[in-house]
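Each chain, written out:
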Amino acid sequence: MRYEIRVDGQLSEPLIKVFPELDHVTMSGQTLLFGHVVDEAHLYGLLARCQSLGLRILELRQAPE
């Protein structure tokens, strides 16, 4: 499954490296992290990382394959 996680702000390079399995693009003061998520546990792990870093998630969606 492919997912997109849109977070508030432009993530710095060290923060981007916390998500090595995801690609990213920055636009309009937001960062879009996207990529393949293996299973539900992987998804919850990504969300936990966002929370532990204090990232504000604006949108989470499953993207078409």
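Values in this document were obtained by computation on a predicted structure and should not be read as measured data. Every chain is numbered on its own, with residues counted from 1 as its sequence reads. pLDDT decides what is reported in this predicted model: residues at 70 or higher carry local features, side-chain atom pairs at 80 or more are listed and counted, and totals for whole chains, interfaces and linings draw on all residues regardless. Note that water and hydrogens are dropped before the side-chain values are worked out from all heavy atoms of the structure.

Engineer: Honestly, the overall build of the protein chain in this entry has me stumped. Any pointers?
Structural biologist: For helices the rule is a DSSP run of H or I covering at least 4 residues; for strands it is a run of E covering at least 2, with both sets numbered from the N terminus onward. Tallying secondary structure elements over the protein chain gives two helices and four strands in all. For the protein chain, the N- to C-terminal ordering of α and β elements is β-α-β-β-α-β. For 65 residues, the compact-globule formula gives about 11 Å, and the C-alpha radius of gyration of the protein chain, at 11 Å, lands near that figure. C-alpha extents for the protein chain along the principal axes are approximately 25 × 25 × 20 Å. Throughout, exposure labels follow a simple rule: accessible area from a 1.4 Å probe, protein chains only, divided by the maximum for the residue type, with under 20% read as buried, over 50% as exposed, and the rest as partly exposed. The proportion of buried residues among the 65 residues of the protein chain is 31%. The criterion used for residue contact is that any of the two residues' heavy atoms lie within 4.5 Å. Across the protein chain, contacts joining residues at least 24 apart in sequence account for 64% of those joining residues at least 6 apart. About 4,100 Å² of surface is accessible on the protein chain, with carbon and sulfur atoms providing 51% of the total. Lys and Arg are tallied as positive, Asp and Glu as negative. Neither His nor the chain termini are counted. Lysine's charge is taken at NZ, arginine's at CZ, aspartate's at CG and glutamate's at CD. For the protein chain, the distance from the average position of its 6 positive side-chain charges to the average position of its 9 negative side-chain charges is 5 Å. When we talk radius of gyration, it's over C-alpha atoms, and the globule rule is simply 2.2 Å times the number of residues to the 0.38. What sets the accessible areas is the Shrake-Rupley method with a 1.4 Å probe; for residues, cover comes only from the shown protein chains.

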